[in-house]
Amino acid sequence: MKVTLAEFRASAVTPAAIPAAVHPEVAIAGRSNVGKSSLINRMTGRRSLARTSRTPGCTRGLIFYNINDALTLVDLPGYGYASRSQTERRQWKSLVERYLATREELACVLILIDCRRGPQQEELDLAEYLSSVGLVYVYVLTKTDKLSRSELSRHGAVLRAAVEPAPVIATSSESGAGIDSLWKWIRAAIATERQG
Ligand SMILES: Nc1nc2c(ncn2[C@@H]2O[C@H](COP(=O)(O)OP(=O)(O)O)[C@@H](O)[C@H]2O)c(=O)[nH]1
Ligand SMILES: [Mg+2]
C-alpha cells in the first residue's frame, strides 16, 4: 500500500483516554522488543514515526497512528515483560482487553512473534482471546533478516504448524521483506470486516 500520510494521532494510558475511532483500526500486539515500532515505521516508510528502543518496556499506552486518512494503526503496549509489577500487568490487561473487546472499528490484529523464538503462552492466549471475541488475526514473524534462508524455512515450518490454521506472514523491518504481503492481508481483512 502506498502510504502518503502517516501521523501520530493520540496515545492513551487509560480507557477513558482512548480517542473516538474515525477509521477502521488495525492493532499491533506483541511483547516488548519484538519489533512493533520498527514494523510501523517500515509499513509507513517513515524512519521515526514510532519510537524504537533497545530498552524494552518503554511503551505503556496504546498509540494511534492515522494512515492516509483511511485507517488507524494501533500500537498496543508490550506485554510479558518480567520487571513489571502485578499491578502494572493488571492495568495492562484491563486497558488492552477493554480495547480489544469493545472497539467496534477494530478490523484485525497483528500478533508479532520474533522468528527466532516462536509463539509463547502469551501469544497463544491472546490468539484464543481474539477468537473468543470474534476478531481475525495474523501472526507476523519479525526480524527474519536475522536467520539464514534455511533456518527461516525450518523455524517457519515449526511455527506454522504450532499456530495452524492461523495465517503467518514472515517479515523484516530491516530488509522490507513481507511488508507488501502484510498490507495485502490487512486490506483484505478490512474489506471482509466491512462486508460482514
Ligand atoms: N535485524 C532486525 N532488527 C530489528 C527488526 N525489527 C526490530 N529490530 C530491532 O529490535 C529492537 C526492538 O525493536 P522495536 O521496534 O523498538 O520493538 P518494540 O518494543 O516491539 O516496539 C530494536 O533494536 C530494533 O532495531 C528487524 O526486522 N530486523
Ligand atoms: Mg515500541
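Residues numbered from 1 in each chain as written. Chains lettered and ligands numbered in written order. Predicted model: local features only at pLDDT ≥ 70, side-chain atom pairs only at ≥ 80, totals over all residues.

Here the focus is the overall build of the protein chain. Check the secondary structure of the protein chain and you find 5 helices and 7 strands. The secondary structure elements of the protein chain, listed N-terminal to C-terminal, are β-β-α-β-β-α-β-α-β-α-β-α. Expected size for 196 residues packed as a compact globule is a radius of gyration near 16 Å; at 16 Å, the protein chain falls within 12% of this value. Along the longest, intermediate and shortest principal axes, the C-alpha atoms of the protein chain span 45 × 40 × 35 Å. Taking all 196 residues of the protein chain together, the buried fraction comes to 34%. Counting only contacts in the protein chain whose residues sit at least 6 apart along the sequence, the fraction spanning at least 24 positions is 73%. (Helix = DSSP H or I, 4+ residues; strand = E, 2+ residues; numbered from the N terminus. Rg over C-alpha atoms; globule rule 2.2 N^0.38 Å. Buried ≥ 20, exposed ≤ 12 C-beta atoms within 10 Å, placed from the backbone. Contact = placed C-beta atoms within 7 Å.)

Take the site of ligand 1 next. Around ligand 1 sit 20 residues, and of these Gly35, Lys36, Ser37, Ser38 and Thr52 come closest. For the shell around ligand 1, the per-class residue count stands at 2 nonpolar, 12 polar and 6 charged. (Near = placed C-beta within 6 Å. Nonpolar A, V, L, I, M, F, W, Y, C, P; charged D, E, K, R; others polar.)

What follows covers the sheet that holds strand 2 (residues 25-29). Spatially, 7 strands are ordered 1-3-4-2-5-6-7 in an open sheet, and the strand pairing comes out mixed. Of all strands in the sheet, those with a lone pairing partner are strand 1 (6-12) and strand 7 (168-170), marking the two edges. Each strand axis lies, on average, 25° off the axis of its neighbour in the sheet, ignoring direction. Judged from the 5 bridges that link them, strand 2 and strand 5 (residues 106-114) form a sheet pairing that is parallel. Opposite Glu25, over in strand 5, you have Leu106 as the bridge partner. Against the sheet, helix 5 (residues 179-195) touches strand 2, strand 4 (71-75), strand 5, strand 6 (136-142) and strand 7, its axis set at about 150° to strand 5. (Pairing = 2+ DSSP bridges. Axes fitted to C-alpha atoms, helices over the stretch in contact; angles between N-to-C directions.)

Attention now goes to unusual backbone geometry. Omega for the bond connecting Glu164 with Pro165 falls within 30 degrees of zero, at 5°, which places this linkage in the cis form. As for its position among the elements, Pro165 is in the loop between helix 4 (149-163) and strand 7. Of note in the backbone geometry, Asp69 takes a positive phi value of approximately 50° without being a glycine. Within the secondary structure, Asp69 sits in the loop between strand 3 (62-67) and strand 4. Taking the number of C-beta atoms within 10 Å as the measure of exposure, Asp69 has 11 and is therefore exposed. Here the phi dihedral of Lys143 falls at roughly 60°; this positive angle occurs in a residue that is not glycine. Tracing the backbone shows Lys143 in the loop between strand 6 and helix 4. Lys143 gets classed as buried once you count the C-beta atoms within 10 Å, which come to 22.

When you tally the buried positions in strand 6, you get 5 out of 7 residues, the bulk of the element. Both strand 5 and strand 6 contribute to a ladder of 7 bridges, which runs parallel. Note that in strand 6 the partner of Ile111 across the bridge is Tyr139. Traced from strand 5 through helix 3 (residues 121-132) to strand 6, the parallel crossover comes out right-handed. The sheet contact formed by strand 6 and strand 7 spans 3 bridges and is parallel. For Tyr139, the partnering residue across the bridge sits in strand 7 and is Val168. Handedness of the crossover joining strand 6 and strand 7 through helix 4 is recorded here as right-handed. (Right-handed = clockwise from strand over helix to strand, strands pointing away.)

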